[in-house]
Amino acid sequence: MGNTINAVIKKYNGDETRLMDILLDIQTELGYISDWTIEQISKALDIPAVEIIQTLSFYHFFHREPKGKYTIYLNDSVVSNFNGKDEVKKAFEEEAGIKFGQVTPDGLIGLFETSCIGMSDQEPAALINEQPFPSLTPEKAKKIIRMMKDGKSIEDIKGNKYGEGNNSHYLMRSLVNNNIQERGPVIFSDYTPGEAIKKIVKELSSTDIIEEIKKSYLRGRGGAGFPTGLKWEIARKAQGDIKYIFCNADEGEPGTFKDRVILTELPKLVFEGMVIAGYAVGAKYGILYLRNEYRYMRDYLEHVLQEMRDDGLLGKFIGGKKGFDFDIRIQCGAGAYVCGEESALIESAEGKRGEPRDRPPFPVESGYLNKPTVVNNVETFCTAVKIILYGSEWYNRMGTKESRGTKVLSVSGDCERPGIYEVEWGFSVNDILRKAGAKTHEILAVQVGGPSGSCISEKEFGRVLAYEDLATGGSLIIIGKKRNLIKDVVLNFQHFFMEESCGSCVPCRVLTVVYKKIIEKIVRGEGKSSDIENLQKWSVYMKNNRCGLGQTATNPTITAIKNFKYLFDESVKNNSESFNTSFNEDEAVKEYIEIFNKK
Amino acid sequence: MSTFVKFIIDGKICLSEEGKQLIEAAKENDIYIPTLCNYPGIPPKGSCRICTVLINNRPATACTTKVTENMDIKTSTPELEDFRKAVIELLFSEGNHFCPSCERSGNCELQALAYKYRIAVSRFPYFFPERTIESWHPKLIKDHNRCILCKRCIRGIKNNEGKTIFAYGRRGQYLEINIDPETSKNISDELAEQAMNICPVGAILVKEKGFITPIGKRKYDYNIIGSEIENQ
Amino acid sequence: MTKKKKIIATASLAGCFGCHMSFLDIDERILNLIELVEFNKSPINDIKKFTKHCDIGIIEGGCCNDENVHVLKEFRKNCDILISLGECAIMGGLPAMRNGIPLKECLEEAYINGPTVKDVNPQKIIPFDPDIPKILNKVYPCHEIVKIDYFLPGCPPRADLIWNALYALVTGNELLIPYEVFKYD
Ligand SMILES: Cc1cc2nc3c(=O)[nH]c(=O)nc-3n(C[C@H](O)[C@H](O)[C@H](O)COP(=O)(O)O)c2cc1C
Ligand code: SF4
Ligand code: SF4
Ligand code: SF4
Ligand code: FES
Ligand code: FES
């Protein structure tokens, strides 16, 4: 054990900023990270044990106790629940003989829940020893447990019905399907790796690239919509020899899975975009921050990087040009939605807990290891490559005035064709519903942009997807009339934010709990109309939180109240303000009576 | 030589060195901005959010903001004051604050702010979380019931080798402060005392100390927090 | 024209009676108060049952057993305005320090293991009888059970705070809360 630990630490040159990798590798080897292990790491890196625990205990995929030879993480996302998660959960529990949150006494199987793993188009899904198992049924769940009891390997349990495209690549062998329902003219159009690099090497300077991107009006696809050209320009002008390019593949917003598909099918397009950004900004290092849920792609992606190095598209003298050096490493996360926030992402890549930084300074001025750092979304890099290849004029012919080009949408929920749609900006919600085969008269609501976005009703289905109207990072969850909106959607999302708050800011840390509790109370039928008023009123406090997570963490509730007030009113209408219905005397004395009944 | 800049706080024209922390710059101009996680002399980390002000009409935390020429700052709109009250109430709801039995009562910054705003009760439900009191350390007691997770101890206290003693554990509602048994092993009495004093509340106590000042003589018995700045 | 006197009721739930004592600490002002108000159900005059509807109900202490809950609900029904007086009523106060400890442990400490009972309860009896109030799983602030209109903090609340508040409430004058009387301890 000691040898394993030392070998891992040596692999990362005893560099404490690589603590995430060190912990991930050790956990892969030893199954979990014990107090003894922490002590060894502490000694080897010469940092206090509390600092290691500070990082380790922040991420929900790190375990300090054994978590089973087979570790099952069942997805607790909204769509997973729509599609029968409860039955699957029950099947796992019955067959394994334990409850979720437990490990079998023989240490064989551990059952855990986790928030959205980026498989909303094929729910219910679970991660088992980091391998995705999509489209689960109770029967499949039982079979999986039985095979575990028979000591079968994960590969055996997976079987060989791999998903389409690169999912079947020998280094991935994943059961995941891409579900690309519509290929658009930018991301999913023809692509020959290296062409854009060839072009810039031949004819473009770094400022030419930035000008072209600026002229395209490309805005970041990670949600905030910051102009990409401007970001690159600021980073280019920032002081310092060492600069970094980060690709944000943390994709944690429930209901979003487009980056999963892009990375599976077009990894070279993503990496080429990073190379171009490096050229434009003057950076020699790139980091792909890959969420732990997508770690199953890692070997495959490493292989792709090696191919690019072999082809002269990465490494030294890229495209044969002297001084054009750029290389990429993959940094895996360990389970924390907030790490998608760019400064938390950087902290995490530095081996720390994923707590967002105060701004200013912004990452473009002082980011990774305090050097100027560009963080862009997967899709943003892909788009940049195509703009460099075909020009900003070509790009500007698509989309709307404020939103040029296309957007890759993740569509899931109550519809016939969940999956990925690359469409020009400017389509209405109704258009997308039609494409996805959702029957409008059966639809209650659409959650646009994930939990941090908004829950809209039929009245707004005519609205247009674009920065000037309904801005979105690209996810639509379709919610049918058969669903209980408050329980199935709002409560789930508030639970999500409560679990994912980093805890630093007081309003975010505490109000996310308050909101969850009050929604729960309303779901139990114990809410009062003053509860609804308070939920609406208190959300202003969230605007003063440090990062986007806290600033939007009450959106599930307030947008649902705004558009579905009648559902909330209905659930509280019988309850008086004078007496608190949530206090249940029988419940409150139960513990006391039980003490004596047992005797 | 440092340059001086002119800026406006609540309509009053102020002067200070360029780049100075807004909390300090305001203080120089006799204006008090409530703080909790900020502590003079240690790097700020805007986590409590109570010092939120409007800078050119956008919210920002004063402890992480540096003053620049012509900044227009508002510190006390009704919305901001209501927000501050909410922050204090959230902290009371989240922890277990039984002031009548607390060693820090009367000298506690959280309580003092609650007095300033005349907060009689939290508008939010009380959580009554299950939290522990740690007393394994030879010199220190860590009462998790009262910790407001401001990070002042993490940022401000290092042992004589410059090593961290306090650090965060977990996240969100389970966020907590851990003490390192190794790096805290041989801390001096002075450092232990410093740790107690850097904590704004009664979450770090030095063993066998407490209730030293009688009621009536305590820091905030008669003096409103911040009044020493405003009444210059 | 003489104004109708306001009718006040008071109760002590899971409290130490300190708040009531502090109430009496308003000293000679109690005579002024008697001019303005009339007391109904209250331990001060030992009236045990509501005999009429009251204007103001003053509650000391939170709820630690089912009887507290019944009394509190009765107050809500019989009073227009309810005041939580003191930390115990407001947020559970010192009794609520048991909220983090399992009830069973609390009872065992109180009746079997505690230093003052250890040797005097050889049969290890914890009282349980249909006639004695049932203990709640935790101590509840009053406003988590019924609606409370005003809160007067302190442990106990300073007499001046109680006087100022009652005077303002009864006369309709503005309520003054000087800094020194607004305390949690
Ligand atoms: C809580 C939170 C989570 C985020 N998650 C992601 C994410 O998964 N992927 C992403 O690209 N951007 C995410 N962002 C936005 C990033 O902070 C950042 O704006 C983005 O990566 C910049 O890239 P872009 O300009 O290409 O959009 C998140 C932001 C917040 C506040
Ligand atoms: S808003 Fe929430 S997630 Fe963001 S920094 Fe603050 S506490 Fe952390
Ligand atoms: S820390 Fe402050 S607020 Fe908390 S109990 Fe002690 S005195 Fe009261
Ligand atoms: S122990 Fe004190 S200083 Fe440290 S985080 Fe808690 S409240 Fe702040
Ligand atoms: S004092 Fe500024 S955020 Fe806490
Ligand atoms: S009994 Fe009065 S404050 Fe507790």
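Residues numbered from 1 in each chain as written. Chains lettered and ligands numbered in written order. Predicted model: local features only at pLDDT ≥ 70, side-chain atom pairs only at ≥ 80, totals over all residues. Heavy atoms only, no water.

**Remarks on the overall build of chain B**
The helix and strand inventory of chain B stands at 6 helices and 10 strands. In summary, chain B has a C-alpha radius of gyration of 18 Å against a globular reference of 17 Å for 232 residues, a match within 12%. Projected onto the principal axes, the alpha-carbon positions of chain B cover approximately 50 × 45 × 35 Å. Sorting the 232 residues of chain B into buried and exposed places 58% on the buried side. Contacts in chain B between residues far apart in sequence, at least 24 positions, make up 60% of those at least 6 positions apart. (Helix = DSSP H or I, 4+ residues; strand = E, 2+ residues; numbered from the N terminus. Rg over C-alpha atoms; globule rule 2.2 N^0.38 Å. Buried < 20%, exposed > 50% of the residue type's maximum accessible area, 1.4 Å probe, protein only. Contact = heavy atoms within 4.5 Å.)

**What about the sheet that holds strand S1 (residues 70–75) of chain A?**
Residue and element names in this part refer to chain A. Read across the sheet, 4 strands follow the order S2-S1-S3-S4 without closing on themselves; strand pairing throughout is mixed. At either end of the open sheet lies a strand with only one pairing partner, and these are strand S2 (109–114) and strand S4 (131–133). On average, each strand axis in the sheet is inclined to that of its neighbour by 25 degrees, with strand direction left out of account. Here 3 bridges tie strand S3 (residues 126–128) to S4, and the two strands are oriented antiparallel to one another. If you follow Leu127 over to S4, its bridge partner there is Pro132. On the sheet, helix H7 (residues 138–149) packs against S1, S2, S3 and S4 and is oriented at approximately 170 degrees with respect to S1. (Pairing = 2+ DSSP bridges. Axes fitted to C-alpha atoms, helices over the stretch in contact; angles between N-to-C directions.)

**As for the domain arrangement of chain B**
Residues and elements named next belong to chain B. Segmenting chain B into domains produces domain 1 (4–76) and domain 2 (95–216). A straight line from the C-alpha centre of domain 1 to that of domain 2 covers 26 Å. Domain 1 puts 13 residues into the contact, and the matching count from domain 2 is 15 residues. When the two sides are added together, the surface that domain 1 and domain 2 hide from each other amounts to roughly 1100 Å², 65% of it contributed by carbon and sulfur. In terms of surface lost to domain 2, no three residues of domain 1 exceed Leu36, Tyr39 and Ile42, which account for 48% of the buried area on that side. Linking domain 1 to domain 2 there are 0 salt bridges. (Domains from an automatic or database assignment. Buried area = accessible area lost by both parts, 1.4 Å probe. Salt bridge = Lys/Arg side-chain N within 4 Å of Asp/Glu carboxyl O.)

**Thoughts on the environment of Arg417(A)**
Residue and element names in this part refer to chain A. Of note, Arg417 is situated in the loop between strand S10 (406–413) and strand S11 (419–424). Accessibility expressed as a relative area gives 35% for Arg417, which makes it partly exposed. As for Arg417 and Ser571, which are separated by 154 residues in sequence, their C-alpha atoms are 33 Å apart. Ignoring sequence-local partners within four residues, the contact set of Arg417 consists of Gln181, Arg434, Lys435, Ala436 and Gly437. Among the polar contacts made by the side chain of Arg417, one reaches the main-chain carbonyl oxygen of Lys435 at a distance of 2.9 Å. (Polar contact = N/O pair within 3.5 Å; in protein donor to acceptor, adjacent residues only side chain to side chain.)

**Here we look at the site of ligand 2**
Surveying the vicinity of ligand 2 reveals 13 residues, the closest of which are Cys502(A), Ser504(A), Cys505(A), Cys508(A) and Cys547(A). Counted by class, the shell around ligand 2 contains 7 nonpolar, 5 polar and 1 charged residues. (Near = heavy atom within 4 Å. Nonpolar A, V, L, I, M, F, W, Y, C, P; charged D, E, K, R; others polar.)

**Quick notes on the interface of chain A and chain C**
Taken residue by residue, the interface counts 14 residues in chain A and 25 residues in chain C. Its largest share of buried area at the contact with chain C, chain A owes to Phe579(A), Phe583(A) and Tyr592(A), together 36% of the area lost on that side. Counting across the interface, chain A meets chain C through 0 salt bridges. Applying the counting rule to chain A against chain C returns 7 residue pairs in polar contact (both at pLDDT 80 or more). Class assignment for the residues of the side of chain A that touches chain C results in 8 nonpolar, 2 polar and 4 charged.

**Notes on the site of ligand 3**
What surrounds ligand 3 is the set Phe92(B), His97(B), Phe98(B), Cys99(B), Cys102(B), Ser105(B), Cys108(B), Leu110(B), Gln111(B), Arg146(B), Val201(B) and Gly202(B). For the shell around ligand 3, a count of residues per class yields 7 nonpolar, 4 polar and 1 charged.

**Considering helix H3 (residues 109–116) of chain B**
Residues and elements named next belong to chain B. Among the 8 residues that make up H3, 7 are buried, leaving the element largely enclosed by the rest of the structure. In this structure, the buried residues of H3 make contact with helix H2 (78–94) and helix H4 (152–156). Just beyond H3, the residue with positive phi is Arg118, at close to 55 degrees.

**Here's the deal with the interface of chain A and chain B**
Facing 39 residues of chain A, the contacting portion of chain B comprises 39 residues. Taken together, chain A and chain B are joined by 5 salt bridges. Its salt-bridge partner being Arg509(A), residue Glu94(B) comes within 2.6 Å of it at the nearest N-O pair. In this structure, the connection of chain A to chain B is made through 24 residue pairs in polar contact (both at pLDDT 80 or more). Mapped onto the side of chain A that touches chain B, the elements with two or more residues apiece are helix H4 (49–56), helix H19 (485–500) and helix H20 (506–523) of chain A. The element contributing the most residues to the side of chain A that touches chain B is H20(A), with 8 residues. Tallied by class, residues from the side of chain A that touches chain B come to 19 nonpolar, 9 polar and 11 charged.

**Brief notes about the environment of Thr137(A)**
Residue and element names in this part refer to chain A. Mapped onto the fold, Thr137 is located in the loop between S4 and H7. For Thr137, a relative accessible area of 28% corresponds to the partly exposed category. For the pair Thr137 and Pro124, spaced 13 residues apart in the sequence, the C-alpha separation amounts to 7.6 Å.

**Let's talk about the sheet that holds strand S10 (residues 204–206) of chain B**
Residues and elements named next belong to chain B. Spatially, the 3 strands line up as an open sheet ordered S6-S7-S10, and their pairing is antiparallel. The sheet is open, and its two borders are formed by strand S6 (133–134) and S10, each paired with just one other strand. One ladder, built from 2 bridges, connects S6 with strand S7 (residues 140–143); its direction is antiparallel. By the bridge assignment for S7, Glu134 is matched with Lys142.

**Here we look at the nonpolar core**
Considering soluble globular proteins, one finds that nonpolar side chains tend to be buried as a cluster. Core analysis: the largest hydrophobic core is formed by 241 residues, its most contacted members being Ile209(A), Trp232(A) and Phe166(B). In this structure, Phe166(B) is in contact with Leu140(B), Cys153(B), Ile154(B), Ile157(B), Ile177(B), Asn178(B), Ile179(B), Ala195(B) and Ile204(B), ignoring residues within four places of it in sequence. Of all hydrophobic cores here, the second largest spans 24 residues; its members include Leu74(A), Ile109(A), Ala141(A) and Ile145(A). (Core = buried A, V, L, I, M, F, W, Y, C linked by side-chain atoms within 4.5 Å.)

**As for the packing of aromatic side chains**
Aromatic rings in a pair are described by how distant their centres are and how their planes are angled relative to each other. Per the stated rule, a full pass over the model turns up 30 aromatic pairs over all chains. Look at Tyr279(A) and Phe324(A): their rings are 4.7 Å apart centre to centre, the planes differ by 55 degrees, and that puts the pair in the tilted class. Taken together, the positions of Tyr279(A) in helix H13 (residues 267–281) and Phe324(A) in the loop between helix H14 (298–310) and strand S8 (327–332) put the pair 45 residues apart, joining distant regions of the chain. The burial state of Tyr279(A) is the same as that of Phe324(A); both residues are buried. Of the aromatic side chains, those joined through ring pairs into one cluster are Phe92(B), Tyr115(B), Tyr179(C), Phe182(C) and Tyr184(C). Lying across the ring of Phe127(B), Lys517(A) places its NZ or CZ 4.1 Å from the centre. (Phe/Tyr/Trp six-rings, centres within 6.5 Å; stacked < 30°, edge-to-face > 60°. Lys NZ or Arg CZ within 6 Å of the ring centre and 35° of its normal.)

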